[in-house]
Each structure stands twice: as structure tokens, then as C-alpha cells.
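Chain residues, written in single-letter form:
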Amino acid sequence: MKKVSILLKKITKKIFNNHVYVLGDSHIEIFDYMNSEYLSWKYKFDVISIGGATAQGMRNPKSKTNALEIFNTKIDSIKEKKSKLVFQLGEVDTGFVIWYRAKKYNESVEKQLNDSIFTYIEFLKNVKVKGFRHLYVLSAPLPTIEDGQDWGEIANARGEITASQKERTDLTLKYNQILELELNKININFISLDKHLLDTQTGLIKNNLKNIDINNHHLDIDKYAKIVLKEIKKCF
């Protein structure tokens, strides 16, 4: 019985060590894809993906997506504090919310940018307080919705934003840069994907990374998954 007990402990430990929790907006669905396509890789992802979730919403328990409550409920259910937690938010912020709120409240884009990052950082600090130490944050993906694009549900929803794709891209790059600096201050790992996504000639996302479905603002799932996996392997 003693040998069986030891074996069970080893198996349980292995499961915990190989289990990675991923929380974020709809872009993290690539981790579900990785679970099915990269069966030989040692890590398995437990994914909580909420479409439309924002960094700004991490201070609002009554947001439309209810993301804060859903994320906190999931985090509180994780008993093993040595677990790896990965977060990705910010695409909705830089592509829509920051611009919308700046116009609505007659404030600068810069202020709304800082507010979004501050809220994100405070949320992550609270996760650390709960005892988790292996935290990782993925950079927000670069925008794919082109200027004048008026087809597709997301493009229509964001249609009132007049910022060009170049302006939204520049804001996303700035967002990721500031986010990395702030995360370094509190010893949370930042995983930047910008160098893989940005076409330095156009200053926009690389064309070959766009989704084949023009109505889908997410990146090509297979190509994006390979980029994410490559960078994550360096950290885990």
C-alpha cells in the first residue's frame, strides 16, 4: 500500500507540474488548438476564454462579460500554488475600448492606455497575493482589422472607432512595451510576440498571419499557435 501511495503522489505531482491554466479573451483559444494538435508536448492547457474580455474590465465585477468574476472563481479553485498561470488581455482595449473611452469621456488616449495597464497590473498583483508565483503574460496581438473594413461582426462593432490600423498597431506596440516594463517591476514574466507578428516594412501585422476567413479578426490559428508555443517553451 505504501508503494501505491508513493506512486499516486508522483502521478499527481506530474499532473500538476504539466497542467497550465490559461485565462484571457478569445485569442487564447489557440491553446485549445495546441492541446489537440501537439499531443506529444508535455504540457496541457486548461483554458478559460471569454470573448470580449478586457484589461480595463478587470476592475469591474459587473462588466458585460463578467470576466473578472469568472477568472477569480477559476483562480480560487486552483489548489496547487506552484501551478503555471498564463494571461492574455489587451487586444480589445487597444483595438476599441481605449479609443472609445477617450472619446466618450473627452480624455486622452494616453490616459486611457495607462488606466487599462494599471487595472491589468492591479489584477495580476492580486493573483500574486493569493500565493501564485509562476505567472506569465502574453503580449496583446496586433490588430488585423483593416481601414474601412465594414464586414464581419467584430469590424461592425468597432466601426465607430476612427483610428487607423496603423494607429491601433502603434498603440498595441506601446501597450505591450509599457506592460512589460510594469510587469518587470513586480517580477511577473512577460512573453512578447511582437517581433514575430510585426511587418517592419509596413508597420502592420504580417499578411501571412491573418486569418484566411476575412470575417475573422483572429490570427491564423496554426501559425499563431506555433509562434506562441516557441516562445512559451523558452519560459517553461
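## Observations regarding the packing of aromatic side chains
So, step 1. The full count for this structure, using the stated rule, is 8 aromatic pairs.
So, step 2. Through successive ring pairs, a cluster of aromatic residues spans F31, W41, Y43, F45, Y136 and F236.
So, step 3. If you follow K84 out to its NZ or CZ, it ends over the ring of F236, 5.7 Å from the centre.

## Looking at the packing of helix α5 (residues 109–129) against helix α7 (residues 165–185)
So, step 1. Orientation of α5 relative to α7, taken along the N-to-C sense of each, is 40°, at an axis distance of 10 Å. In this view, α5 runs oblique relative to α7, as classed from their interaxial angle. Of the two elements, α5 crosses α7, and the hand of that crossing is right-handed. On α7, the residues that touch V109, E110, L113, N114, S116, I117, Y120, I121 and L124 of α5 are L171, K174, Y175, I178, L179, E182 and L183.

## A few points about the sheet that holds strand β4 (residues 134–138)
So, step 1. The 5 strands lie next to each other as β2-β1-β3-β4-β5, forming an open sheet whose pairing is parallel. In the strand order of this sheet, the two ends are held by β2 (44–49) and β5 (189–191), each with one partner. Direction aside, the axes of adjacent strands within the sheet are offset by 25° on average.

## What to know about the pattern of salt bridges
A side chain with one charge can pair with a side chain of the opposite charge if their charged atoms come near.
So, step 1. Counting across every chain of the model gives 12 salt bridges.
So, step 2. For D147, the salt bridge identified is with R168, shortest N-O distance 3.8 Å. Within this pair, whereas D147 is found in the loop between β4 and α6 (153–157), its partner R168 is found in helix α7, the two being separated by 21 residues in sequence.
So, step 3. Judged by its relative accessible area of 8%, R168 falls in the buried class.
So, step 4. Linking E182 and K185 is a salt bridge whose minimum nitrogen-to-oxygen distance equals 3.1 Å. With E182 and K185 both in helix α7, this residue pair falls 3 residues apart, about one helical turn.
So, step 5. Taking relative accessible area as the criterion, E182 reaches 26% and is therefore assigned partly exposed.

## So, the pairing of β2
As a general feature of sheets, a regular strand has side chains that alternate between the two faces.
So, step 1. Bridging between strand β1 (residues 19–24) and β2 involves 6 bridges; their strand directions are parallel. What sits directly across from V20, in β2, is F45.
So, step 2. This β-α-β element, β1 to helix α2 (residues 30–37) to β2, shows right-handed connectivity.

## A short note on the confidence of the model for the protein chain
So, step 1. On average, residues of the protein chain carry a pLDDT of 89, and 88% of them reach 70 or more.
So, step 2. In the predicted structure, residues 1–16 sits below a pLDDT of 50 and forms 1 contact with residues beyond four places in sequence or in another chain.

## A closer look at α7
So, step 1. In this model, α7 (21 residues) spans 31 Å end to end at C-alpha, consistent with the 30 Å of a helix rising 1.5 Å per residue.
So, step 2. Taken residue by residue, α7 has Q165, R168, T169, L171, T172, L173, Y175, N176, L179 and L183 as its buried positions.
So, step 3. Backbone geometry just downstream of α7 places N187 in the positive-phi region, at approximately 60°.

## Thoughts on the packing of helix α4 (residues 91–104) against α5
So, step 1. Following both chains from N to C, one finds α4 and α5 inclined at 125°, their axes separated by 9 Å at the closest point. Judged by the angle between their axes, α4 and α5 are oblique. The hand of the α4/α5 crossing is right-handed. In contact with D93, I98, W99, R101 and A102 of α4, α5 contributes V109, Q112, L113 and S116.
So, step 2. Considering only residue class, the contact of α4 with α5 consists of 5 nonpolar, 2 polar and 2 charged.

## Examining the environment of N66
So, step 1. Along the chain, N66 turns up in the loop between β2 and α3 (67–77).
So, step 2. In this structure the C-alpha to C-alpha distance between N66 and A53, which are 13 residues apart in sequence, comes to 8.3 Å.

## Looking at the side chain of S83
So, step 1. By the element assignment, S83 lies in the loop between α3 and β3 (84–88).
So, step 2. Here the side chain of S83 touches E80 through a polar contact of 2.7 Å, landing on its backbone oxygen.
So, step 3. With near-sequence residues (within four places) excluded, S83 lies in contact with Y21, I78 and H134.

Rules used throughout
- Residues numbered from 1 in each chain as written.
- Predicted model: local features only at pLDDT ≥ 70, side-chain atom pairs only at ≥ 80, totals over all residues.
- Heavy atoms only, no water.
- Phe/Tyr/Trp six-rings, centres within 6.5 Å; stacked < 30°, edge-to-face > 60°.
- Lys NZ or Arg CZ within 6 Å of the ring centre and 35° of its normal.
- Axes fitted to C-alpha atoms, helices over the stretch in contact; angles between N-to-C directions.
- Helix = DSSP H or I, 4+ residues; strand = E, 2+ residues; numbered from the N terminus.
- Parallel < 35°, antiparallel > 145°, perpendicular 65-115°, else oblique.
- Left-handed = near helix turned anticlockwise from the far one by under 90°.
- Contact = heavy atoms within 4.5 Å.
- Pairing = 2+ DSSP bridges.
- Salt bridge = Lys/Arg side-chain N within 4 Å of Asp/Glu carboxyl O.
- Buried < 20%, exposed > 50% of the residue type's maximum accessible area, 1.4 Å probe, protein only.
- Right-handed = clockwise from strand over helix to strand, strands pointing away.
- pLDDT = per-residue confidence, 0-100.
- Expected span 1.5 Å × (residues − 1).
- Nonpolar A, V, L, I, M, F, W, Y, C, P; charged D, E, K, R; others polar.
- Polar contact = N/O pair within 3.5 Å; in protein donor to acceptor, adjacent residues only side chain to side chain.

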